[in-house]
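Per-entry structural report
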Amino acid sequence: MSEKPTTPDSHVERALPAPRDRSEPMFPGGPAADPAGSHHERRIRSFRPRRGRVTPGQGEALRRLWPQWGLDIDGLSRIDLGELFATEAGPRPGLPVVLEIGFGMGEATAQMAAADPGTGILAADVHTPGQGNLLALAERNGLDNVRVANGDAIILLREMLAPASLSGLRVFFPDPWPKKRHHKRRLIQPEFIELAATRLKPGALLHCATDWEPYAEQMLEVLSASPAFDNSQADGGYTPRPDFRPLTKFEGQGLDKGHLVHDLIFRRNDT
Ligand SMILES: C[S@@+](CC[C@H](N)C(=O)[O-])C[C@H]1O[C@@H](n2cnc3c(N)ncnc32)[C@H](O)[C@@H]1O
């Protein structure tokens, strides 16, 4: 009877990875698996939870940089923005902070942060590979004015940010939810704008962009109807694409399909 050939360590059992509980973080020290809990409240979400495949470089950035620059949107604590943007030199009270909702892979976020080092960018998304990508970009480019938040930005705004604490809000290419039955998932709705208005300082800019024409029309209608915001365009229409907004990944895909892009810039007034 022929014996099976053995390798020197064939007696060693191959260790199987221990099964991971859904609530355990995928990257030790990194973003929480489900920060505010998927059943935190019954509400229609503007995103689908999606982790996507994380590259080794993104995973490494999440493990190493999250404790320093990451924020889990747990809905439990009030954020002191001066402390959140602290550097080795100490907290930065009075630093103007802009919230970006849905930064995707974060390339445009990093470019805008580099162009404006005197402004803190609080960038929120649920997309794990993008969070790792943005952290790595921030480190590579020496950006100490970027913080990455993981979870639903509505909970961040409502539960964790103080009234009149933000100097700006950016929503670039939010999920268009083109099917009629999904329109209720769109982020830019009257209730969202009402909430955003409470968290923005007078004079703060709300900048939206989309390549989905019907959503652009909805944005214009909702923002124009809000008594808390004034259109930066005297004619009440869209803003010509400002050169300070870099091309985003999602925008590039829309342009390849021949989509028209619309920017909308509204100013929070004193009401
Ligand atoms: C269509 S992508 C656009 C990404 C990026 N701005 C770009 O232009 O390439 C929209 C992003 O918004 C995120 N998102 C949608 N609703 C969100 C919410 N309530 N809180 C945090 N992120 C959200 C999604 O996860 C997604 O990454």
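In the nomenclature of an unreviewed UniProt entry, the chain is known as tRNA (guanine-N(7)-)-methyltransferase of Streptomyces rhizosphaericus. The UniProt entry for the chain carries this comment under Sequence similarities (unreviewed entry): "Belongs to the class I-like SAM-binding methyltransferase superfamily. TrmB family." The annotation that UniProt attaches to the chain under Catalytic activity (unreviewed entry) is "guanosine(46) in tRNA + S-adenosyl-L-methionine = N(7)-methylguanosine(46) in tRNA + S-adenosyl-L-homocysteine".

In this section: the UniProt feature "binding site: substrate" (unreviewed entry) in the chain. Residues annotated by UniProt as "binding site: substrate" (unreviewed entry) correspond here to Lys179, Asp211, Thr248, Lys249, Phe250 and Glu251. For Lys249, the position within the fold is in helix α8 (residues 249-256). For Lys249, the residues in contact, after removing those within four places along its chain, are Met105 and Glu107. In this structure, Glu251 sits in helix α8.

Turning next to the packing of helix α5 (residues 153-160) against helix α6 (residues 190-199). Two quantities define a packed helix pair, namely the angle between the axes and the distance from one axis to the other. Direction vectors running N to C along α5 and α6 enclose 45°, while the axes themselves pass 10 Å from each other. Taken together, the axis directions place α5 and α6 in an arrangement best described as oblique. The two elements α5 and α6 meet at a crossing, and its hand is left-handed. Between α5, through Ile154, Leu157 and Arg158, and α6, the contact on the second element is made entirely by Phe192, Leu195 and Arg199. Looking at the contact of α5 with α6 residue by residue, the class counts come to 4 nonpolar, no polar and 2 charged.

Here we come to the nonpolar core. Leu99, Leu122 and Leu156 are the most contacted members of the largest nonpolar core, which has 44 residues in total. No other element matches the 6 residues that α5 contributes to this core. Once you skip the residues sitting within four places of it in the chain, Leu122 turns out to touch Leu71, Leu81, Leu84, Phe85, Val97, Val98, Leu99, Glu100, Arg147, Ala149, Leu156 and Leu161. With 21 residues, the next largest nonpolar core counts Val54, Trp69, Ala110 and Ala113 among its residues.

What follows is about the pattern of salt bridges. Per the counting criterion, the structure on display carries 8 salt bridges. For Glu139, the salt bridge identified is with Arg64, shortest N-O distance 2.8 Å. Residue Glu139 is found in helix α4 (residues 128-140), and its partner Arg64 is found in helix α1 (residues 56-69); the two are separated by 75 residues along the sequence. A residue is classified by how much of its surface remains accessible, and Arg64, at 40% relative accessible area, is partly exposed. Each of Arg241, Arg245, Glu251 and Asp263 takes part in a single network of salt bridges with overlapping partners.

Let us look at the sheet that holds strand β5 (residues 166-172). Read across the open sheet, the 8 strands follow the order β1-β4-β3-β2-β5-β6-β8-β7; overall the sheet is mixed. The open sheet has two edge strands with one neighbour each: β1 (70-72) and β7 (229-231). Shown here is a sheet whose adjacent strand axes are inclined to one another by a mean of 20°, direction ignored. Sheet topology note: the strand β6 (residues 200-210)/strand β8 (residues 262-268) ladder contains 6 bridges and is antiparallel.

Here 6 bridges tie β5 to β6, and the two strands are oriented parallel to one another. Paired with Leu169 across the two strands is Leu206, which belongs to β6. Between β5 and its parallel partner β6, the chain crosses via α6, and the hand of that crossover is right-handed.

Annotation from UniProt places "binding site: S-adenosyl-L-methionine" (unreviewed entry) at Glu100, Asp125, Asp152 and Asp175. A stretch of 76 residues holds the annotated residues, and the largest C-alpha distance among them is 14.0 Å, short enough that they meet in one place. Within the secondary structure layout, Glu100 lies in strand β2 (residues 97-101). Ignoring sequence-local partners within four residues, the contact set of Glu100 consists of Thr109, Leu122, Ala123, Ala124, Arg170 and Phe172. Inspection of the secondary structure assignment puts Asp175 in the loop between β5 and α6.

Under the definition given, this model contains 0 aromatic pairs. Over the ring of Trp177 we find Arg185, and its NZ or CZ is 4.8 Å from the ring centre. When the ring centre of Tyr215 is taken as origin, the NZ or CZ atom of Arg186, which lies over that ring, is 4.8 Å away.

Calculation notes
Here, residues in each chain are numbered from 1, in the same order as that chain's written sequence. Given that this is a predicted model, residues contribute local features only at a pLDDT of at least 70 and side-chain atom pairs are listed and counted only at 80 or more, while totals for whole chains, interfaces and linings are drawn from all residues. Just so you know, side-chain values use all the structure's heavy atoms and leave hydrogens and water out. UniProt positions are given in the numbering used here, feature names are shortened, and annotations may be inferred rather than shown by experiment. Where helices and strands are cited, they refer to DSSP runs of H or I of at least four residues and of E of at least two residues respectively, numbered from the N terminus. The contact criterion used is simple: two residues touch if any of their non-hydrogen atoms lie within 4.5 Å. For helices, the fitted axis covers only the stretch in contact; all axes are lines through C-alpha atoms, and the angles between them, taken along N-to-C directions, range from 0 to 180 degrees. In this scheme, roughly parallel covers angles under 35 degrees and roughly antiparallel covers those over 145, while 65 to 115 is roughly perpendicular and the rest are oblique. The hand of a helix crossing depends on one turn: near helix anticlockwise from the far one by less than a right angle means left-handed, and clockwise means right-handed. Three classes are used, and their members are as follows: Ala, Val, Leu, Ile, Met, Phe, Trp, Tyr, Cys and Pro are nonpolar, Asp, Glu, Lys and Arg are charged, and the others, Gly among them, are polar. The term nonpolar core refers to a set of buried residues drawn from Ala, Val, Leu, Ile, Met, Phe, Trp, Tyr and Cys, joined through side-chain atoms within 4.5 Å. Categorising residues by exposure relies on relative accessible area from a 1.4 Å probe, with only protein chains included: less than 20% of the type maximum marks a residue as buried, more than 50% marks it as exposed, and the intermediate range marks it as partly exposed. Take a side-chain nitrogen of Lys or Arg and a carboxyl oxygen of Asp or Glu: if they are within 4 Å of each other, that pair is a salt bridge. DSSP bridges decide pairing: two strands pair if at least two such bridges lie between them. A clockwise course of the path from the first strand over the helix to the second, judged with the strands pointing away from the viewer, identifies a crossover as right-handed. Two aromatic rings, drawn from Phe, Tyr or Trp (for Trp, its six-membered ring), form a pair once their centres lie within 6.5 Å of each other, and the interplanar angle then sorts them: stacked below 30 degrees, edge-to-face above 60, tilted otherwise. The criterion is that NZ of a Lys, or CZ of an Arg, lies within 6 Å of the ring centre and within 35 degrees of the ring normal, and then a charge sits over that ring.

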